[in-house]
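Spelled out from the first residue to the last, the chains are:
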Amino acid sequence: MSPCRNPALTRFLVMALCLCASPAALAGEALPEPWLPALDTVWLAVAAALVFFMQAGFALLESGMSRAKNAVNVVMKNYVDVCLGSLAFWLVGYGLMFGFNPTGWFGQSHFALIGAENGDYMMLLFQTMFAATAVTIASGAMAERTRYQAYLLGAVLITVIIYPVFGSWAWGGGHGGEGWLASLGFIDFAGSTVVHSIGGWVALAGVLVLGPRLGRYSTDGEQRPIQGHNLTQVALGGFILWVGWFGFNGGSTGGADVSIGLINLNTHLSAAAGAAGALLILALLRRPVLLTTTVNGSIGGLVGITAGAATMDPHFAALTGLVSGVVVVAGTWLLESLGLDDVVGAVSVHGLAGAWGTLAAGLFLAGDLFNPMQVAVQVIGILAGFLWAFPAALLMYFIIDKTVGLRASTRDEQRGLDFSEHHEVGYPEFQAEVLHEGRK
Amino acid sequence: MSALPGQRPEQAEFRRRRRAIFTGLLTRLDRDAAVQALALWQAEFSTRPVFALHDFLGRVCQDTGSMARRGELHRALVRALSLDEAELAPDPGDMNGAAGAGVRHPGPAGALPAGARDAFEAVYHALMIQAEGRGVDTGVRVRVMRRLVSLGLPPAALKSLSGWVAGEARGLPEGLTLDTLRGLLHLAYISACEELGPVSADHLLAAALREAEKQAVAEQYPPRGLL
């Protein structure tokens, strides 16, 4: 029903519009000073919600790429790592990352938000979502053979040590001091390296410690593809991640700003070009054009543009995305040829595409294209991320494996982790009898 | 903690922990199930870190079908571990014999229910026929034989089971527990995974179960009880 045909509804809408719009805005004047921080906060709150929504995207995508007998386990890992990670980041991670940073190596204040000012609340909320994103990347790579409690222990340690320490190097100093990478002029606008590559390198360490799923590779190295159980879910997860990325990159302005237009346009173009890049390389090599690879290509494009979304012209953003798509496909093949089992392609999508995107942010810096000094700084940042996160995560997962046990037993792999780790299954109508005798 | 004459302190501590675990188990399980659960603890969990108590509980609850009572059992074990020696149940003795005989799981997994043996043979043969159809039956057999030692059977039982897997003996050896049969079927699944990949192995196992369920043996014991 059109509002015009209903006078009461029309009056209500006009009144609501008048109440929502400030008099200054209606008069075409600039907003008065007190409005600006409020608008910034509103935009960051919306952006934080969008980034939080990415968790749903990760859960759907990772679960869809796993077998039905592990669907609950994957979703539970995504759900609970954001819960525990949020608490851990509030208590320790935020202070380590954004607290007073006199040495350039880690923050030393604002643990549990002690001494916080008004702006810290929004900042913590927004940055918690970033930390949760970095942590959850490993879950997909390590799916279908990781013990639940061991994974969560790793997730908390990533949130309190691995992620925030590197974050303090690149983004630290919000309360005084400056991270050593930031002081070199390292560009990583929203975290191609800080969030995604770090998550990717952690995932790589986890995959190495775990080993491949039972029967994923034959003894002579032949691959046995393990299809996900719900590709529609994978595509929906991809779409949700794409939507969330408008908050991830757009919110990284730190406030409501006209630059958000360029940033989110770059984000969108790069994602589209990422999928196109993946399609292109598959078509050129006469390989099947798979939905999973296409979705991963677009996510690779999103990861790639995250570092330079604010400092790149749109045509370079598209180029960054296109190359990201190719990097994702080539990276996946490389890992498979090495006998590594990354269930969702997280190492390629986040680790490698993140590294490329960080390099691209230096190469395609608007107004200072191909500056070798800037490119060198970007390379230092990429290497620092790898040399910190990968060995630290390798050691962490090794210790977890030797103490609490990281890998599920082969019998649990046979029955599925839904039953062995959670005692419930995602699809009880047909799973309970098949997998474990229907025992409760 | 009182060490017996000639007993090292670590032995005394091990004995005290075994008594404590047994005391806790007895509060929630019948004696047979508690003995078999204790055998599992001694064989697989007694040397692991303290966190492994959760895994032990999970295995016991899973195999006794008492997931809903996991919390109760956990509290009982924790309480028993803090009791004075005078309050603990008598030491049931070394459990190696029980574990070595294939009694590795507590409760119903240890005993062999009527019809389980026939059901197992039906599933296993159906699986091997499926594997033969894919040209991997020999590979699966060889891989199963290489892994038989992991079932923890005494040498004589291991030798006769190996002969049966190789196709040299017609009848499945006597005296195997339900847990051993489950373990053997799992070894066949792992071997099929390695030969064909996990997706094909899942299909193979599901097809073998369906085939066994069509046979009369399924009326006495459900083949899926072997999973």
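Note that residues are indexed from 1 along each chain, following the sequence as it is written. Each chain gets a letter, beginning with A, and each ligand a number, beginning with 1, in the order they are written. Thresholds applied to this predicted model are a pLDDT of at least 70 for local features of residues and 80 or more for the giving and counting of side-chain atom pairs; totals over whole chains, interfaces and linings are not thresholded and use all residues. Values shown for side chains rest on all heavy atoms present in the structure; no hydrogens or waters enter the calculation.

Counting its regular elements, chain A contains 17 helices and zero strands. Every one of the 440 residues in chain A was classed for burial, and the buried ones make up 55%. In this description, contact between two residues means that some pair of their heavy atoms is separated by no more than 4.5 Å. Nonlocal contacts in chain A, meaning residues at least 24 apart in sequence, comprise 77% of its contacts between residues at least 6 apart. In the structure as shown, chain A presents an accessible area of about 17400 Å², 72% of it carried by carbon and sulfur atoms. Runs of E in the DSSP output that reach at least two residues are strands. Runs of H or I that reach at least four are helices, and both are numbered from the N terminus. Whether a residue is buried, partly exposed or exposed follows from its accessible area with a 1.4 Å probe, protein chains only, as a fraction of its type maximum: under 20%, in between, or over 50%, in that order. Using a 1.4 Å probe, accessible areas were evaluated by the Shrake-Rupley method; residue-level cover was limited to the displayed protein chains.

A general tendency of soluble globular proteins is for nonpolar side chains to be buried together. Nonpolar core, defined: a set of buried Ala, Val, Leu, Ile, Met, Phe, Trp, Tyr and Cys residues in which side-chain atoms within 4.5 Å join the residues together. Judged by nonpolar contacts, the single largest core of 88 residues is most densely connected at Tyr163, Trp171 and Tyr397 of chain A. The leading source of residues in this core is helix α6 (residues 148-171) of chain A, at 13 residues. For Trp171 of chain A, the residues in contact, after removing those within four places along its chain, are Met97, Phe98, Gln127, Phe130, Tyr163, Asp188, Phe189, Ala190, Gly191, Val194 and Val195 of chain A. Formed by 42 residues, the second largest nonpolar core is a distinct cluster that contains Leu161, Leu184, Ala192 and Ala212 of chain B.

Residue and element names in this part refer to chain A. Pairing of aromatic rings covers Phe, Tyr and Trp, the last through its six-membered ring, and needs centres within 6.5 Å; plane angles under 30 degrees mean stacked, over 60 mean edge-to-face, and all others mean tilted. Taken as a whole and judged by the stated rule, the model has 21 aromatic pairs over all chains. Seen in terms of ring centroids, Phe89 and Tyr163 are 6.2 Å apart; in terms of plane orientation they differ by 45°. Their pairing is tilted. With a gap of 74 residues between them, Phe89 in helix α4 (residues 71-98) and Tyr163 in helix α6 connect regions that are remote in the sequence. Taken together, a centroid distance of 5.1 Å and an interplanar angle of 10° make the contact between Phe386 and Phe390 stacked.

Residue and element names in this part refer to chain A. Taken together, the side chains of Leu84, Leu87, Trp90, Leu91 and Val92 define a hydrophobic patch exposed on the protein surface, amounting to about 400 Å² of accessible area. Position of Leu91 relative to the elements: it lies in helix α4. With relative accessibility at 40%, the residue Leu91 sits in the partly exposed group. Like charges are joined within 9 Å and nonpolar side chains (Val, Leu, Ile, Met, Phe, Trp, Tyr) within 5 Å, but only among residues with over 30% relative accessible area and no salt bridge; these make up the patches. Put simply, a salt bridge is a Lys or Arg side-chain nitrogen that is within 4 Å of an Asp or Glu carboxyl oxygen.

Residue and element names in this part refer to chain A. Secondary-structure assignment places Gln374 in helix α14 (residues 372-403). Looking at Gln374, the relative accessible area reads 13%, which means it is buried. Sequence separation between Gln374 and Thr232 is 142 residues; the distance between their C-alpha atoms is 42 Å. From its side chain, Gln374 meets the backbone oxygen of Gly185 in a polar contact 3.0 Å long. In protein, a polar contact means a hydrogen-donor-capable atom and an acceptor-capable atom, both N or O and within 3.5 Å, with residues adjacent in sequence counting only if both atoms are side-chain atoms; elsewhere, any N or O pair within 3.5 Å suffices.

With that settled, consider the domain arrangement of chain B. Split by domain assignment, chain B resolves into domain 1 (9-87) and domain 2 (116-226). Boundaries between domains were set according to an automatic or database domain assignment. The distance between the C-alpha centroids of domain 1 of chain B and domain 2 of chain B comes to 31 Å.

Residue and element names in this part refer to chain A. One confidence number per residue, pLDDT, is output by the predictor and ranges from 0 to 100. Per-residue pLDDT for chain A averages 90, and the proportion of residues at 70 or more is 89%. A low-confidence stretch, residues 14-27 stays under pLDDT 50, and its non-local contacts, those more than four residues away or across chains, total seven contacts. Note on residues 436-440: pLDDT under 50 across the span, and 18 contacts to partners over four residues away in sequence or across chains.

Along an α-helix, a turn takes 3.6 residues, which lines up residues three or four apart on a common side. Across the chain, bend at a residue is computed as the angle between axes fitted to the seven residues ending at that point and the seven starting from it. Of all the bends in α6 of chain A, the greatest, near 50°, is centred on Ile158 of chain A. Count one or two residues on from α6 of chain A and you reach Gly173 of chain A, which has phi positive near 105°.

Moving on, we get to the packing of helix α13 (residues 346-363) of chain A against α14 of chain A. Residue and element names in this part refer to chain A. Put simply, α13 and α14 touch, their axes get as near as 8 Å, and they point 160° apart. When the interaxial angle is binned, α13 and α14 end up roughly antiparallel. For the pair α13 and α14, the crossing hand works out as right-handed. Residues Ala355, Thr358, Leu359, Ala361, Gly362 and Leu363 of α13 form the contact with α14, whose participating residues are Gln374, Val375, Gln378, Val379 and Ile382. Classifying every residue of the contact of α13 with α14 gives seven nonpolar, four polar and no charged. Angles here are taken between N-to-C directions and fall from 0 to 180 degrees, while the axes themselves are lines fitted to C-alpha atoms, restricted in helices to the stretch in contact. Put simply, angles under 35 degrees are roughly parallel, angles over 145 are roughly antiparallel, angles from 65 to 115 are roughly perpendicular, and the rest are oblique. Working rule for handedness: look at the near helix, and if it is turned counterclockwise from the far one by less than a right angle, call the crossing left-handed; if clockwise, right-handed. Only Asp, Glu, Lys and Arg are considered charged, only Ala, Val, Leu, Ile, Met, Phe, Trp, Tyr, Cys and Pro nonpolar, and every remaining residue, Gly among them, polar.

Moving on, we come to the side chain of Glu194 of chain B. Here Glu194 of chain B shows up in helix α9 (residues 178-196). For Glu194 of chain B, a relative accessible area of 18% corresponds to the buried category. Sequence-distant contacts of Glu194 of chain B, that is, excluding residues within four places in its chain, are made with Gly215, Ser218 and Arg224 of chain A together with Arg143 and Arg147 of chain B.

On to the environment of Leu227 of chain B, then. By secondary structure assignment, the location of Leu227 of chain B is in the segment after α10 (198-213). Taking the C-alpha atoms as reference points, Leu227 of chain B and His186 of chain B, separated by 41 residues in sequence, lie 7.5 Å from one another.

All names here are of chain A. In this model, Glu144 sits at a positive phi of 75°, which is unusual for a non-glycine residue. One can find Glu144 in the loop between α5 (118-141) and α6. If you check the backbone angles, Phe370 has positive phi at about 55° while not being a glycine. Along the chain, the position of Phe370 falls in the loop between α13 and α14. Accessibility expressed as a relative area gives 48% for Phe370, which makes it partly exposed.

All right, on to the packing of α4 of chain A against α5 of chain A then. Residue and element names in this part refer to chain A. Direction vectors running N to C along α4 and α5 enclose 125°, while the axes themselves pass 8 Å from each other. Here α5 runs oblique to α4, going by the angle between their axes. Of the two elements, α4 crosses α5, and the hand of that crossing is right-handed. Between α4, through Lys77, Asn78, Asp81, Val82, Ser86, Phe89, Trp90, Tyr94, Met97 and Phe98, and α5, the contact on the second element is made entirely by Asp120, Met123, Leu124, Gln127, Thr128, Ala131, Ala132, Val135, Thr136 and Ser139. Among the residues forming the contact of α4 with α5, the class breakdown is eleven nonpolar, six polar and three charged.

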